[in-house]
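Now for the letters of each chain:
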Amino acid sequence: MDRIPMERKVLSENDRIATELRERFRRHGVLCLNFISSPGAGKTSLLERTLEGFPSGQRVAVLTGDIQTDNDAQRLARFGFPVRQITTGGTCHLDARMVERALAEWRLEDLDLLLVENVGNLVCPASYDLGEESKIVVLSVAEGEDKPLKYPAIFFKSELLVLNKIDLLPHVPFAIARARENARRVHPGMEIVEVSCTTGAGFESWRRWLAHRRDAARTEHVAGAH
Ligand SMILES: Nc1nc2c(ncn2[C@@H]2O[C@H](COP(=O)(O)OP(=O)(O)OP(=O)(O)O)[C@@H](O)[C@H]2O)c(=O)[nH]1
Ligand SMILES: [Mg+2]
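Residues numbered from 1 in each chain as written. Chains lettered and ligands numbered in written order. Predicted model: local features only at pLDDT ≥ 70, side-chain atom pairs only at ≥ 80, totals over all residues. Heavy atoms only, no water.

Caption draft 1: Quick peek at the site of ligand 1. In the region of ligand 1, 19 residues are neighbours, and Lys43, Thr44, Ser45, Asp167 and Cys197 sit closest. Coverage of ligand 1 by the protein chains reaches 71% of its 650 Å² of free accessible surface. Those elements that provide at least two residues to the shell around ligand 1 are α2 (43-52) and α3 (71-77). The biggest single contributor to the shell around ligand 1 is α2, with three residues. (Near = heavy atom within 4 Å. Areas by Shrake-Rupley, 256 points an atom, 1.4 Å probe, with all protein chains shown as cover. Helix = DSSP H or I, 4+ residues; strand = E, 2+ residues; numbered from the N terminus.)

Caption draft 2: Quick look at the environment of Asp15. Tracing the backbone shows Asp15 in helix α1 (residues 3-27). Along the sequence, Asp15 and Thr199 sit 184 residues apart, while their C-alpha atoms lie 38 Å from each other.

Caption draft 3: Structural context of the pairing of strand β4 (residues 113-117). Burial runs high along β4: five of the five residues are buried. The two faces of β4 match: Leu113, Leu115 and Glu117 on one face and Leu114 and Val116 on the other face are all buried. Here strand β1 (residues 31-36) runs beside β4; their pairing, made up of five bridges, is parallel. From the neighbouring strand, Cys32 faces β4, where its bridge partner is Leu114. Sheet topology note: the strand β2 (residues 60-66)/β4 ladder contains five bridges and is parallel. Across the sheet, the residue bridging to Ala61 is Leu114, located in β4. (Buried < 20%, exposed > 50% of the residue type's maximum accessible area, 1.4 Å probe, protein only. Pairing = 2+ DSSP bridges.)

Caption draft 4: View of the nonpolar core. Counting residues in each nonpolar core, the largest one holds 26 residues, and the members touching the most others are Leu33, Leu115 and Trp206. Elements that contribute at least two residues to this core include exactly β1, α2, β2, β4, β5 (134-140), β6 (160-164) and α8 (203-225). Setting aside residues no more than four positions away along its own chain, Leu115 makes contact with Leu33, Phe35, Leu47, Leu51, Val60, Ala61, Val62 and Leu63. Within the second largest apolar cluster, 22 residues are counted, among which are Ala18, Cys32, Ile86 and Ala102. (Core = buried A, V, L, I, M, F, W, Y, C linked by side-chain atoms within 4.5 Å. Contact = heavy atoms within 4.5 Å.)

Caption draft 5: Summary view of the pattern of salt bridges. Tallying each qualifying case throughout the model produces 18 salt bridges. The closest approach of N and O atoms between Arg75 and Glu48, which form a salt bridge, is 2.9 Å. Here Glu48 lies in helix α2 and Arg75 lies in helix α3, a separation of 27 residues in the sequence. Residue Arg75 is classed as partly exposed on the basis of its relative accessible area of 31%. With its nearest N and O atoms 2.6 Å apart, the salt bridge here joins Glu194 to Arg180. Linking Glu194 in strand β7 (residues 191-194) with Arg180 in helix α7 (residues 176-186), this pair joins segments that are 14 residues apart in sequence. (Salt bridge = Lys/Arg side-chain N within 4 Å of Asp/Glu carboxyl O.)

Caption draft 6: Layout of the sheet that holds β5. One open sheet holds the seven strands; their spatial order is β3-β2-β4-β1-β5-β6-β7, and the pairing between them is parallel. This sheet does not close on itself; its edge strands, each paired only once, are β3 (83-87) and β7. Direction aside, neighbouring strands of the sheet carry axes that sit 20° apart on average. Taken strand by strand, helix α4 (residues 96-103) contacts β2, β3 and β4, and its axis lies near 140° from that of β3. Along the sheet, α7 makes contact with β6 and β7, crossing β7 at roughly 155°. (Axes fitted to C-alpha atoms, helices over the stretch in contact; angles between N-to-C directions.)

Caption draft 7: Spatial organisation of the packing of α2 against α8. It is the contact of α2 with α8, at a shortest axis distance of 12 Å, that shows an interaxial angle of 75°. Judged by the inter-axis angle, α2 sits roughly perpendicular to α8. Only Phe203, Trp206, Arg207 and Leu210 of α8 make contact with α2, whose side of the interface consists of Leu46, Arg49 and Thr50. Along the lines of polarity and charge, the residues of the contact of α2 with α8 split into four nonpolar, one polar and two charged. (Parallel < 35°, antiparallel > 145°, perpendicular 65-115°, else oblique. Nonpolar A, V, L, I, M, F, W, Y, C, P; charged D, E, K, R; others polar.)

Caption draft 8: Fine view of α8. Under the 1.5 Å per step criterion, the end-to-end length of α8 is 33 Å for 23 residues, consistent within 8% with the ideal 33 Å. Summarising the contacts, the buried residues of α8 are in contact with β1, α2, β4, β5, β6 and β7. (Expected span 1.5 Å × (residues − 1).)

Caption draft 9: Main features of the packing of aromatic side chains. With the rule as written, the count across this model stands at three aromatic pairs. Judged by centre distance (6.3 Å) and plane angle (90°), the ring pair of Phe54 and Phe81 falls under edge-to-face. Within this pair, whereas Phe54 is found in the loop between α2 and β2, its partner Phe81 is found in the loop between α3 and β3, the two being separated by 27 residues in sequence. You'll find Phe54 and Phe81 in the same group, each marked buried. Plain terms: the ring middles of Trp206 and Trp209 are 5.9 Å apart, the flat faces sit at 15° to each other, and that makes the pair stacked. (Phe/Tyr/Trp six-rings, centres within 6.5 Å; stacked < 30°, edge-to-face > 60°.)

Below is the structure:
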C-alpha cells in the first residue's frame, strides 16, 4: 500500500530538480536532448557520427549514462568535445539529480547543445524527466516493429523516433511501414527519421532535424534576452 506514495515522492523530487535544470538550460540557450533506447539500439553510435560531423569549436557536450562501465564515454571522448560518464551503479535510468551533479564542473555559458545518452532501457527512463527540451527514442530494425505498441510511454513522450540500422533491413524481418504506423498510433504525428549509423544513410535528415531544433532554441534564447 505505501509503495505508491513513496514512488510519487521520488518522482516529484525528480520533477522539481528537472524543472530547475530546464529553466537553467533555457536561460543559457542550451538545447538539451535525452536519447533513450533499449540496450544496443545505437545511441552511442548515433552520437559518435553526430559529433564526428561537427566542426571543432561547436559548443556541444555529452553526458552518457551506464549501469557499470565508462565504455561509451571513452568512445565519445575521441571527438574532442567535453564528455562525462554517469555510472549509475545498478540504477536502470538517469535521474535529474545525476545530471545536475554531472554538470557541476561545466559552465552552461560555454554550451549551446547538451546531448544526454540515457541508460539502455525502454521502460524506466520514460518516467524520469532530466530537464531536457526533447526526448529522442532510438529503435533499431533488429528489435521488431511492435516495440512502440509494447513500450508506448517512451514513444508517446519522445518528440522524434530515430529508426536505426536500416542497413540490416535486407537481413531481418522488419516491416518499416508497420513500425512507422505503430509509432504514430501511439504518438500521432510523431517525427521519424530512418538512419544507419554504420553507413551514414539518412544522416542528412537527422542533421536537418537537429539544426532546426538548435536554431529554434537560439531564437527563443535571443528573444527571451530582450
Ligand atoms: N549494422 C548496424 N550496426 C549498428 C548500427 N548502429 C549501431 N550498430 C552496432 O550496434 C551495436 C550497439 O551500438 P551502440 O551504439 O553501442 O548502442 P547503444 O544504444 O549505445 O547501447 P547501450 O549504451 O549499451 O544501451 C554496436 O555493435 C554498433 O556497432 C547500424 O546502423 N547498423
Ligand atoms: Mg551506449
